Amino acid sequence: MSDLPVNPLVLIGIGSSFAFSGLFYKLYKEKKEELKKLKEIPIFKPDQHLVKILRASPHKRLQYVAVEGLVQADGEPLASQFVPRCFGVIQKIAVEEHWKYWNSLTKTWNSRTMNRKETNNTVPFSLVSPGAYITDLYVKVQNPLEASGCDLERVYFKVRRAEEGLVNVMMQGISGEKPVAMEESEELLRVGSTLTGFGEVVLEGGQVMRLQAPQDGRKFILVPTDYRSFMDRHEKTASMWKALTAVTGITGASLLAKVIYGLVGKQDDKSK
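*Asks:* What exactly am I supposed to notice about the overall build of the protein here?
*Replies:* Scanning the protein for helices and strands turns up four helices and twelve strands. Across the 272 residues in the protein, those meeting the buried criterion constitute 34%. Counting only carbon and sulfur atoms, one obtains 56% of the accessible surface of the protein, whose full area is about 16900 Å².

Put into structure tokens, the structure is as follows:
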């Protein structure tokens with residue numbers, strides 16, 4: 001029996017290239033569809049224009065819009081526990097311990113994280129327009145912890161190494177475990193930062209507006225950036241999937257063409 005005319009690794013490369021190209025194209029189409037839906041969402045700022053739109057809308061509400069503004073605490077903001085003169089409206093403090101334990105089977109020390117404690121705090125806050133002089137014109141954000149997408153800014157991070165004292169040595173000998181380090185971190189949605197919220201906006205009365213979770217089941221989203229940067233990030237992701245689709249597709253096609261060319265050449269040689 002003669003050898004295979006084509007290297008199996010080349011066939012695997014061709015199949016993998018076309019498979020990845022198909023996967024990346026699917027991700028690209030999904031991202032483009034998501035972008036199309038995002039571009040259909042009206043974008044507003046907490047200003048008189050939004051108030052007029054709400055007053056003219058049925059039930060004085062807009063079902064799903066984007067609102068971009070600066071974060072302002074309604075009362076006293078949350079002070080950072082570690083950074084002086086640093087204030088926010090959403091705060092997350094996390095503490096976790098890193099330990100090593102002796103694995104008698106592999107005769108090695110393995111790492112694990114344990115005793116993680118996380119504290120979340122929030123105070124009422126609103127969105128205001130940059131440079132606004134009318135302080136009674138704002139959009140209150142209701143139940144921000146229920147929203148998705150709100151990646152907080154890390155303002156503090158420290159690793160405290162465990163000291164190799166007598167107690168640790170005794171613990172290591174008795175239990176086969178020893179503390180390595182303790183991590184502390186603090187994240188904040190800072191006062192004065194830009195936030196874009198996607199949800200339902202309701203006019204409560206006068207010029208007071210409220211951003212809340214939509215009643216039609218769509219996602220309540222808070223992103224700590226301006227609307228343009230948020231859209232640019234999605235555009236870049238779509239471009240990345242498009243480029244990967246092209247690269248893997250061209251690679252697969254090039255390998256396939258090379259194989260076909262080689263097979264045709266061999267047939268010509270045999271016919272001669």
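*Asks:* Which parts of the structure should I look at to understand the packing of aromatic side chains?
*Replies:* Two aromatic rings are characterised by how far apart their centres lie and by the angle between their planes. For the coordinates displayed, the defined rule picks out five aromatic pairs. Here the aromatic rings of Phe20 and Phe24 are separated by 6.0 Å at their centres, their planes lie at 25 degrees, and the arrangement is stacked. Placement of both Phe20 and Phe24 in helix H1 (residues 8–39) is noted, with a separation of four residues, approximately one turn of the helix. Judged by relative accessible area, Phe20 falls into the partly exposed class, the value being 45%. Using a relative accessible area of 14% as the deciding quantity, one classes Phe24 as buried.

*Asks:* So what exactly am I meant to see when it comes to the nonpolar core here?
*Replies:* As a rule of thumb, soluble globular proteins bury nonpolar side chains together. Judged by nonpolar contacts, the single largest core of 28 residues is most densely connected at Val89, Phe125, Leu189 and Met209. At the level of secondary structure, the elements contributing two or more residues to this core comprise helix H2 (48–56), strand S2 (61–73), strand S4 (87–103), strand S6 (125–128), strand S7 (138–141), strand S10 (194–205) and strand S11 (208–212). In terms of residue count, S2 provides more of this core than any other element does, five residues in total. Excluding anything up to four places from it in sequence, Leu189 contacts Val71, Gly88, Val89, Ile90, Phe125, Cys150, Leu152, Leu195 and Pro224. Listed in part, the 15 residues of the second largest apolar core include Phe24, Ile41, Phe198 and Trp241.

*Asks:* What am I meant to see in the side chain of Thr225 here?
*Replies:* Its location among the elements puts Thr225 in the loop between strand S12 (221–223) and helix H4 (227–271). The exposure class of Thr225 is buried, given its relative accessible area of 16%.

*Asks:* Explain the confidence of the model for the protein here, please?
*Replies:* As a general rule, the predicted coordinates of low-pLDDT regions are not to be interpreted in detail. Scored by pLDDT, the protein comes out at a mean of 86, with 88% of its residues at no less than 70. Confidence scores differ between elements of the protein, with helix H3 (residues 166–175) showing the lowest mean pLDDT of 52 and strand S3 (residues 78–79) the highest of 95.

*Asks:* Which parts of the structure should I look at to understand the pairing of strand S5 (residues 108–122)?
*Replies:* Looking along a regular strand, one sees side chains alternate from face to face of the sheet. The pairing of S4 with S5 spans 13 bridges and is antiparallel. Among the inter-strand pairings, Lys100 is bridged to a residue of S5, identified as Ser111.

*Asks:* Hey, could you run me through the pattern of salt bridges in this one?
*Replies:* Pairing of side chains with opposite charge becomes possible as their charged atoms draw close. Taken as a whole, this structure holds 14 salt bridges when the rule is applied. Across the pair Glu204 and Lys140 runs a salt bridge, and its minimum N-O distance is 3.1 Å. Note that Glu204 is positioned in strand S10 and Lys140 in strand S7, a separation of 64 residues in sequence. Taking the relative accessible area as the measure of exposure, Glu204 reaches 38% and is therefore partly exposed. In this structure, Asp232 and Arg228 form a salt bridge, with 3.1 Å as the shortest nitrogen-oxygen distance.

*Asks:* Even after reading the chapter, I still don't get H1, so can you show me in this structure?
*Replies:* Each turn of an α-helix holds 3.6 residues, which means side chains three or four residues apart point in the same direction. Taking 1.5 Å per residue, 32 residues should reach 46 Å; H1 reaches 46 Å between its end C-alpha atoms and fits that length. Looking at H1, one finds that the buried residues are Ile14, Ser17, Ser21, Phe24, Tyr28, Lys31, Leu35 and Leu38.

*Asks:* What am I meant to see in the pairing of S11 here?
*Replies:* Counting buried residues in S11 gives five out of five residues, a clear majority hidden from the surface. Sheet topology note: the S7/S11 ladder contains four bridges and is parallel. Counterpart to Lys140 in the pairing with S11 is Arg210. Both S10 and S11 contribute to a ladder of five bridges, which runs antiparallel. Within the sheet, the bridge partner assigned to Val201 lies in S11 and is Leu211. The antiparallel hairpin formed by S10 and S11 contains two residues in its connecting segment, where Gly206 sits at a positive phi of about 65 degrees.

Basis of the calculations
Residues numbered from 1 in each chain as written. Predicted model: local features only at pLDDT ≥ 70, side-chain atom pairs only at ≥ 80, totals over all residues. Heavy atoms only, no water. Helix = DSSP H or I, 4+ residues; strand = E, 2+ residues; numbered from the N terminus. Buried < 20%, exposed > 50% of the residue type's maximum accessible area, 1.4 Å probe, protein only. Areas by Shrake-Rupley, 256 points an atom, 1.4 Å probe, with all protein chains shown as cover. Phe/Tyr/Trp six-rings, centres within 6.5 Å; stacked < 30°, edge-to-face > 60°. Core = buried A, V, L, I, M, F, W, Y, C linked by side-chain atoms within 4.5 Å. Contact = heavy atoms within 4.5 Å. pLDDT = per-residue confidence, 0-100. Pairing = 2+ DSSP bridges. Salt bridge = Lys/Arg side-chain N within 4 Å of Asp/Glu carboxyl O. Expected span 1.5 Å × (residues − 1).

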